[in-house]
Each structure stands twice: as structure tokens, then as C-alpha cells.
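Each chain, letter by letter, is given below.
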Amino acid sequence: MKVVALAGNPNVGKSTVFNILTGMHQHTGNWPGKTVDNANGIFKYKNINYNIYDLPGTYSLMAHSKEEEVARDFICFEEHDLVIVVCDAVCLERNLNLVLQILEITDKVIVCVNLLDEAKKKKISVNLKKLQEILGVPVVGTSARNKKGIDKLLNALESKKFNPIEVKYDDNLETAIANILPYLEGKTKNLNPRWVALNLLSYDEKLYNSLKDYLNFDIFTDEFIKNQLFNIKREIDLDIVNTITNSTVKKAEEIANKVVTFNNKDYNAKDRKIDKILTSKLFGIPIMLILLMVIFWITIKGANYPSDLLFKFFSWLEKYILNFLQLINTPWWFSEILVNGIYRVLTWVISVMLPPMAIFFPLFTLLEDSGFLPRIAFNLDKAFKKCCSCGKQALTMCMGFGCNAVGVSGARIIDSPRERLIAILTNVFVPCNGRFPTMITIITIFFVGINSNNIFLSIVILTLLILLGIFLTFLVSFLLSKTVLKGIPSSFTLELPPYRRPQFLKVLVRSIFNRTIFVLGRAIIVAIPAGAIIWLFANINIDGISLLNHVASFLDPFAKAIGLDGVILIAFILGFPANEIVVPIMLMAYMATGQIIEFSNLESLRQILVVNGWTLTTAICVLVFSLCHFPCSTTCLTIKKETGSLKWTLVSILLPTIIGIILCFIIKQLSIFF
Amino acid sequence: MFLCDMKLGNKGIVKKVKANDNIIKRLLDIGLIEGTLVECVLKSPFNDPKAYLIRGATIAIRDDDCKEIEVDLL
Ligand SMILES: Nc1nc2c(ncn2[C@@H]2O[C@H](COP(=O)(O)OP(=O)(O)OP(=O)(O)O)[C@@H](O)[C@H]2O)c(=O)[nH]1
Ligand SMILES: [Mg+2]
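First, a word on what this report is: a plain description of the structure on this page. (Residues numbered from 1 in each chain as written. Chains lettered and ligands numbered in written order. Predicted model: local features only at pLDDT ≥ 70, side-chain atom pairs only at ≥ 80, totals over all residues. Heavy atoms only, no water.)

Observations regarding the nonpolar core
Residue and element names in this part refer to chain A.
Working step 1: By size, the foremost hydrophobic cluster in this structure holds 124 residues, and its most contacted members are Trp 348, Leu 373, Leu 564 and Trp 614.
Working step 2: Broken down by element, this core gets its largest block of residues, 14 residues, from helix α14 (residues 332–370).
Working step 3: Of all hydrophobic cores here, the second largest spans 89 residues; its members include Ala 71, Val 83, Ala 119 and Val 126. (Core = buried A, V, L, I, M, F, W, Y, C linked by side-chain atoms within 4.5 Å. Buried < 20%, exposed > 50% of the residue type's maximum accessible area, 1.4 Å probe, protein only. Helix = DSSP H or I, 4+ residues; strand = E, 2+ residues; numbered from the N terminus.)

Describing the coordination of the magnesium ion (ligand 2)
Residues and elements named next belong to chain A.
Working step 1: Each protein donor to the magnesium ion (ligand 2) is listed here as Ser 15 (OG) and Thr 35 (OG1); together their distances run 1.9 to 2.0 Å. Residue Ser 15 is found in helix α1 (residues 14–22), and its partner Thr 35 is found in the loop between α1 and β2 (39–45); the two are separated by 20 residues along the sequence. Accessibility classification places Ser 15 together with Thr 35 in one group, the buried group. (Donors = N, O, S within 2.8 Å, 3.2 Å for Na, K, Ca; no water.)

Observations concerning the sheet that holds strand β4 (residues 82–88) of chain A
Residues and elements named next belong to chain A.
Working step 1: Strand order in this open sheet of six strands is β2-β3-β1-β4-β5-β7, and the pairing throughout is mixed. In this open sheet, the two edge strands, each paired with only one partner strand, are β2 and β7 (139–141). Mean inter-strand twist for the sheet, computed between neighbouring axes without regard to direction, equals 25°.
Working step 2: For β2 and strand β3 (residues 48–54), the ladder comprises seven bridges, and the chain directions are antiparallel. Counted as the bridge partner of Lys 44 is Asn 49 from β3. (Pairing = 2+ DSSP bridges. Axes fitted to C-alpha atoms, helices over the stretch in contact; angles between N-to-C directions.)

Quick notes on the site of ligand 1
All names here are of chain A.
Working step 1: Close to ligand 1 lie 25 residues, the nearest being Lys 14, Ser 15, Thr 16, Thr 35 and Ala 144.
Working step 2: One nitrogen or oxygen atom from the main chain of Trp 31 is found 3.4 Å from an oxygen atom belonging to ligand 1.
Working step 3: Asn 114 is positioned with one of its side-chain polar atoms (N or O) 3.2 Å from an oxygen atom of ligand 1.
Working step 4: Computed on the free molecule, ligand 1 has an accessible area of 650 Å², of which 98% lies beneath the protein chains in the complex.
Working step 5: Listed by contribution, the elements that provide at least two residues to the shell around ligand 1 are α1 and α4 (116–121).
Working step 6: For the shell around ligand 1, the element with the highest residue contribution is α1, accounting for three residues.
Working step 7: Residues of the shell around ligand 1, tallied by class, amount to six nonpolar, twelve polar and seven charged. (Near = heavy atom within 4 Å. Polar contact = N/O pair within 3.5 Å; in protein donor to acceptor, adjacent residues only side chain to side chain. Areas by Shrake-Rupley, 256 points an atom, 1.4 Å probe, with all protein chains shown as cover. Nonpolar A, V, L, I, M, F, W, Y, C, P; charged D, E, K, R; others polar.)

Comments concerning the interface of chain A and chain B
Working step 1: Between chain A and chain B, the contact holds 45 residues from the first and 32 residues from the second.
Working step 2: Counting the surface lost from both chain A and chain B, the interface buries some 3,500 Å², and carbon and sulfur atoms represent 56% of this.
Working step 3: Summed over the shared surface of chain A and chain B, the number is seven salt bridges.
Working step 4: Note that Arg 62 of chain B and Asp 381 of chain A form a salt bridge whose closest N and O atoms lie 2.8 Å from each other.
Working step 5: Linking chain A to chain B there are 15 residue pairs in polar contact (both at pLDDT 80 or more).
Working step 6: Put simply, the parts of the chain that give the side of chain A that touches chain B at least two residues each are α3 (92–105), α11 (240–259), α12 (269–278), α13 (284–327), α15 (373–386) and β9 (493–496) of chain A.
Working step 7: No other element matches the seven residues that α11 of chain A contributes to the side of chain A that touches chain B.
Working step 8: Residue composition of the side of chain A that touches chain B, by class: 13 nonpolar, 17 polar and 15 charged.
Working step 9: Direction of pairing for β9 of chain A relative to strand β4 (residues 57–61) of chain B: antiparallel, over a ladder of four bridges. (Contact = heavy atoms within 4.5 Å. Buried area = accessible area lost by both parts, 1.4 Å probe. Salt bridge = Lys/Arg side-chain N within 4 Å of Asp/Glu carboxyl O.)

What to know about α12 of chain A
Residues that lie three or four places apart on an α-helix share one face, since the helix turns once every 3.6 residues.
Residue and element names in this part refer to chain A.
Working step 1: All of the buried residues in α12 are Asp 271, Arg 272, Asp 275 and Leu 278. Buried residues of α12, viewed axially, fall in a sector of 130°; they line one side. Relative to its buried face, α12 has exposed residues pointing more than 90 degrees away, namely Lys 270 and Lys 273. (Arc of directions from axis to C-beta.)

Quick word on the pattern of salt bridges
Pairing between side chains becomes possible if they bear opposite charge and their charged atoms approach one another.
Working step 1: One pass over the structure, following the stated rule, counts 34 salt bridges over all chains.
Working step 2: The residue Arg 272 of chain A makes a salt bridge to Asp 275 of chain A at a minimum N-O spacing of 3.6 Å. With a gap of three residues between them, Arg 272 of chain A and Asp 275 of chain A both fall in helix α12, about one helical turn apart.
Working step 3: Arg 272 of chain A sits in the buried class, given a relative accessible area of 12%.
Working step 4: For Lys 18 of chain B, the salt bridge goes to Glu 68 of chain B, with nearest N and O atoms at 3.6 Å. One end of the pair, Lys 18 of chain B, is in the loop between β1 (11–16) and α1 (21–29); the other, Glu 68 of chain B, is in the loop between β4 and β5 (70–73), and 50 residues separate them in sequence.

Considering the layout of surface pockets
Working step 1: Roughly 1,000 Å³ of volume is contained in the second largest pocket.
Working step 2: What lines the second largest pocket is a set of 40 residues, and nearest its centre among them are Met 62, Ala 63, His 64 and Asp 204 of chain A together with Lys 25 of chain B.
Working step 3: Elements supplying a minimum of two residues to the lining of the second largest pocket: α2 (66–77), α3, α8 (193–202), α9 (205–215), α11 and α18 (417–426) of chain A together with α1 of chain B.
Working step 4: Per-element tally for the lining of the second largest pocket: the top contributor is α1 of chain B, with six residues. (1 Å grid on protein atoms, 1.4 Å probe; cavity = no way out; pocket = protein on both sides within 12 Å on 5 of 7 lines; lining within 4 Å. Points joined across faces, edges and corners; volume = space filled by probe spheres on them.)

Next comes the structure, spelled out in C-alpha cells:
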């Protein structure tokens, strides 16, 4: 088995190449930083098995952020037989920079010049043959998205011609390297001694620590080498990092000048035009808002019909299931658990939660593919800076709309650990895909009216709620920056990629399919036991009162003070494994304890809630509390993994909960005056 | 003139790269060294950050991060 690594700058199509080779479905997206962790897959070519790793994108091997570190450590210290460096043909010069750096570590490199279709459209031509001659390693051209050139890439895997060029540095530096090399002999394992020497000279603490771990010994404990290094450094008196980069960048420029021809100097004029509008003073922010509202509109409108249909179908089916169970003489408690517990929670999740989730998600994926997300970060960075955090937090928030766990791990793209932690702790204020349908349902039932066609009102309310979430994100980021996570804003550099036309059909099919499978899977794992538990809770009596009532009335005084009630609170707590079961649990609990109301359409749901004392205030409080719902179990695990700290995980749970309680308390108190 | 003072559409050549350590490494990464051609191509709605065309890529940089990078206007 051969190990192959896919490296390269961010957003050049590494994951796309990976997917084609392995047939897997790694997420891709048109913005730098989509992949933040290694993924591996296996494929076979000409009877050889390959284990290929998709790495996060990185501009250089001097890692600054967590995800770049992951890539750097893999390229430098993991065993691999080959590194495929994927490059962007449109921006080859900058990409060659990384190629040259990687060639310093290993000879076994294949350069894959991707996005040739885009380059062609922009009238940029790359002389691949000449590039191969200059670099001395195999060079292949691909358009991964159209699956072009992959055969050549596969062919190159068997290549034996590796004779890479070497970047020559400043004479003083070269002498310094030559002086150190003898001392390193035999001590650098598989690493290229010249590269080790360079890194000892340019000394980066993090890299040095990784190096120490890899080599299993601390070079600096060798007094002799240490003194040598010290002397050499003093003698040459250079800014070594600067010198090294300068030489590499200049070399890349020189090569690019030889192999790239621009036949249209103004090749990105069209992108510029779009950018001028999307980031303008006047339209920048409003366009973002309108886009969000359009997405909501499509989601609500589109989910309406299938939702209604499924709902009717399942309640129609319910009668027959009951009849059938009676027919075969199942014990009453069993059919109760099965139908009133499990069946109803499950079908609720499928009919009411699933359609909006399955529509919203692909819409967001389309947006992601178009290249719009980095512009959001660009537009909002100033506001984040004011809160002493980083504009890239806007990207993690966008990911949070899909799933908070993804948003949390996506925070790796943020350089400063302090700002990254802020992004992790506040991600929950963006309602994830699982909480959206809850909000939409409550808004439809309580604010708009079920039969009303006033969809615009729902959208406005939903948007206001999102804006509240964004406001809370800023507020909490600011407060954290001024208290426990004190610090000044660090830097922000973000590449704005070219706009790309999303592959509509592929994205739609893929993500609707993925979402549906995912939600169904989770419904089966979580909703079924939850449905059973809540039924048991409601039907096991102690002192003639059900267990559920005991717990609910215990929580009631507190819950009432913040505008909720005991049952709602239980539902939120039981929603820990999956947000989408909050409403079904709530309904189940009400129905089990109270009047039996026929459960056949949304109007009956409204009745169930009203009979159980819901008012407008309750609905508002539920919406706000849902916005501040503590992270679900998956997200908590991710937070634990990303922060490596139980303390911060706990903070991430308590922080939104306390804010939710405070907000709901205020709303409840204010409502008394109306 | 400094990079952050460039007006929309201005082009220039980087004369001297100076910034704090973290930022400088990022900038070197994307190929912003002495002698590089830069063009200011976009302003965000609040004027800061701006985006520059650097070696074929559009890169957003905060004013604070590039206020000490000297450029010669073309
Ligand atoms: N036109 C065109 N687009 C491509 C091609 N290859 C990839 N893309 C698109 O480029 C974008 C980035 O692709 P990814 O595969 O996510 O890039 P990546 O290198 O894995 O990015 P990071 O994980 O962020 O480092 C996606 O929107 C792809 O659809 C190509 O050959 N032609
Ligand atoms: Mg990727």
C-alpha cells in the first residue's frame, strides 16, 4: 500500500481531486478553509493500493493556524510515498511557492495544475511541459470538477523521474547551511538534512517542537550544535525567515514568468464588477439580508407542501396501524408505546422537521459553492474587529447554519487561539439546521396563522430572530474579549476566491440526499428512544400522578418565571442529543398528560398548545430560548475535542443557557405590562 | 505612501515590508515581499478591510495590519 498526500493552497480543488480518486464525498466549497482536518480514502490503480490523504489547504509550511498545522505536520513528519501538490492554474505563481517549499522536504512530488478550465476561460495558458522541465518532477494538468486529466494524474503515480530543482539562497545562508549539515548527519531520520538545517536556522518554536517529537531527541541539547548555530546566526546577521521567503517567492515568480501567458490582462473584470456591488457601502449589507430572507422564503414555501402531505399521510396511516395492532391482540401498553410514543415522534420529525432541513441545507451549499461566503466575512470584519475578534468568525457562523459542530471545527481557520475560542463559544447563537424547523413551526402556529398565506410575516420574524442571534454573537464576543479572554484583535487576511457557478443539480441531489439520510438516521437513533422514554414518563404513576407531571411541576415555578413551563423545559433538556426532537417531545408530553386531541393537522397542534396555557409570550420565550439552546451532544463533543478542555465545554453550555434565561426572564416581566 | 492609504484602483510597488511578527509571516506567505506589484481593488462597506490584488489573488487585509507597509505609487 502506498501513502499519498494531497497538499496545496486553500481552495484549489484538493478535496475535489480526492473525491474523484476515491469515489468518496468529502465536502468541497468555494472558499479557503473548507477542509480543516485530514481525511483519508483508498483507491486502486494498476493493482497497487493507494491510501490517499486529503489535507487542509495551506499557503506555506510556516503554519499559523490550527488547520495549517495539521497539513504541515502531515507533509513534514508522516510517512508518505508521494505528495501531490494541487495548484491553481489561474494563480500559479503563488502556488509554486508552496511547491518549492515542499520540494525542499521531499523529492517525491507530483504537481497537479488544476482548474485549467477556469484558466482557459480567463485566457491564461500554462506551459505544462516547460514547467515539468524546470521543476524536475512530473507535472500534470487537470480540471477536476469536470473529471478531466485524472487519467494523466493516475499515470504519473507510477513515475520514477524525480529530480527536483533546488532553490539557492543568499550566499551567507548557503554557507551557514553547509556548516551545519555535517553535524546533522545520520540524525534526521527520513527528513532531508538541508531542510532540517534551514529550519534550525530560521527557528520556529512550534515547528521545532514537532521536529523534536519526530526525531525523538532535542537537537539543542547537543551543546556543540547549539553553539555552532548561535555563532552562525550571529555571523550572518540576516533576517533568515525573510531571506528564505524572498528567495522562494522570487524563484516562483521567475518560473511563472517562463510558463504562464496572460492573453487577457483584465481577466477578473467580471468578478470585480460583482464584487463592487456585493461589497458596496450602500448595498453590501442589505443584499446579505435580502439573500437570507430569500433563502428563508424558499425554505418555508418549499417545505409547506411536502410537510402537509407527509403529515396527512402519517395520521391516516396511524388508524390502520392501531387497527392492525388490535387485530393481532398486542397488549394495550405495547401499542400505546409504539403508536403514541415512538410512531408519533418519529413521523413528526420526518414530516415537519425533515422538509425544511432538506431544503435549507442545499440552498446554503449553493451559496457556499458560489464564493459568496468570504465576501460576508469581508463585509463584516470591521464589526468583528470592534469586538476584538476575527472576520473569519463570520465564516464559522455561516457553517453553523448548517450544523454547529461543523461551525465549531471550522473555527480552526482562525489564527489567534483567543479569537478561535471566541468563535467556538459563540457559534451556538446561530441556529443550526435542526433548530430552524422548530422556529418555523412555532412562528407559523403562533404568529402567522396556519391558514394564512402571509409568508412574508414569518420570514420577517425569523430574520429578526437571526439578527438577535448575530447581535448576541457580537455582544458575547465583545464581553469575552473584555473579560476572561482579554486581548486585542490580531490580524485578518482572507483570500476572496473567484465566483464560480455552482453545479446546481449535483449539489441539490447530493445534499438533499445526504441531509435526508442524516436526519432519518438520527431520528431513528434518537427519536425512537426519546419517544418511548417520554411515553413511559407520562404513564408510570407515582401516588396517582405521572412521573412526567412530577418532574414538570417541580420545574414549573422556575420555568414559569422565564415564560416557559415545566414540559417545555423538559423538552429542551431532552433535546440534548438532537435539536429536532424538542417540539415533538413537547407535544407528546402535553398529549400524554392532557386531553386527547386528534393529531391530524397543524391547527390541532395549535389547540394542544393553547389548551396547555401557551400565550404569545410563551411562544416568544420558546423562540428565544431555542436560539440560546445549549449545544447538542455532537457539538459538545466537538467543542471538547477542539478546545481540549472540559472547562470551556462547560462554559459553552452555560453561557448560552444563562443568556437565554436572562432574556426570557426579561421578556416575561415586560409582558406583564401589556 | 503606505499600503492602507491606497485609493481604489491605485497600483504600486512594495518598497518595505514592516508589520508585527504574526502578520508579516502571513503576508510573506501570500507573496507580499519587496518589489511586489499591488493594486487596491475593493473596499468593504465600512472602508476597512480593503482587498488588494497580489500576485493574481484578491486578498483582504485590515488597514491596521498593513499600515507600515511602504509602497511607491505607479
Ligand atoms: N471550474 C472548476 N472548479 C473547480 C475545479 N476543481 C475544483 N473546483 C471548485 O473549486 C472549489 C474548491 O474546491 P475544493 O475541492 O473544496 O478545494 P480544496 O483545495 O479542498 O479547498 P480547502 O479544503 O479549503 O483547502 C469548489 O467550489 C470546487 O467545485 C476545476 O477543475 N474547475
Ligand atoms: Mg478541501
